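Analysis of the macromolecular model
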Amino acid sequence: MISPMLKILTALLFFTLSFQASGQFMEWCIADEQSPDDELQRALDWACGKGGADCSKIQVNHPCYLPNTLRDHASYAFNSYYQKFKNKGATCYFNSAAITTDLDPSHGSCKFEFHP
């Protein structure tokens, strides 16, 4: 009899291998947990201003407004910029305020973009 944990690990391995076989690596850009608020705010202001990120969904009464935290709003804006411009050479750096993740940061009605 196969233990439930072994079944789960086998399923995860299969998923990972089939995902890698498709040649598509999914990656999102989010705020680094260790970044100070002032650095996040500067990077968020740039991303939503000169950077060209679509920050409309983090406005009041829009799908990504909640949770209403600097870190959550910065994550959405960083990812918007990164997905929009990564194929043109953009990085997920933001003066060390951001990191990449292979875990989809979407939550509830807030869907983080991904572009191959």
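Now for a look at the structure at hand. This one's a predicted model, so the numbers in the text were calculated from it and none came from an experiment.

Scanning the protein chain from N- to C-terminus turns up 3 helices and 2 strands. Along the chain direction, N to C, the helices and strands of the protein chain fall in the order α-β-α-α-β. Within the protein chain, the fraction of its 116 residues that count as buried is 33%. For the protein chain, contacts bridging at least 24 residues in sequence account for 74% of all contacts bridging at least 6. A total accessible area of about 7,500 Å² is found for the protein chain, and carbon and sulfur atoms account for 60% of it.

Okay, the side chain of aspartate 32 next. Its location among the elements puts aspartate 32 in the loop between β1 (28–31) and α2 (37–48). In this structure aspartate 32 is buried but unpaired, with arginine 71 as the nearest side chain of opposite charge at 6.2 Å. Leaving out residues up to four positions away in the same chain, aspartate 32 has contacts with Arg71, Ser96, Ala97, Ala98 and Ile99.

Cis geometry is adopted by the peptide bond preceding proline 67, which originates at leucine 66 and carries an omega value of 0°. Note on placement: proline 67 falls in the loop between α2 and α3 (70–85). Even without a glycine there, the phi angle at phenylalanine 94 is positive, about 50°. Along the chain, the position of phenylalanine 94 falls in the loop between α3 and β2 (98–101). The phi torsion at asparagine 95 lies on the positive side, around 55°, for a residue other than glycine. Checked against the element boundaries, asparagine 95 lands in the loop between α3 and β2.

Thresholds, definitions, all that
Residues numbered from 1 in each chain as written. Predicted model: local features only at pLDDT ≥ 70, side-chain atom pairs only at ≥ 80, totals over all residues. Heavy atoms only, no water. Helix = DSSP H or I, 4+ residues; strand = E, 2+ residues; numbered from the N terminus. Buried < 20%, exposed > 50% of the residue type's maximum accessible area, 1.4 Å probe, protein only. Contact = heavy atoms within 4.5 Å. Areas by Shrake-Rupley, 256 points an atom, 1.4 Å probe, with all protein chains shown as cover. Lys, Arg positive; Asp, Glu negative; His and termini not counted. Salt bridge = Lys/Arg side-chain N within 4 Å of Asp/Glu carboxyl O.

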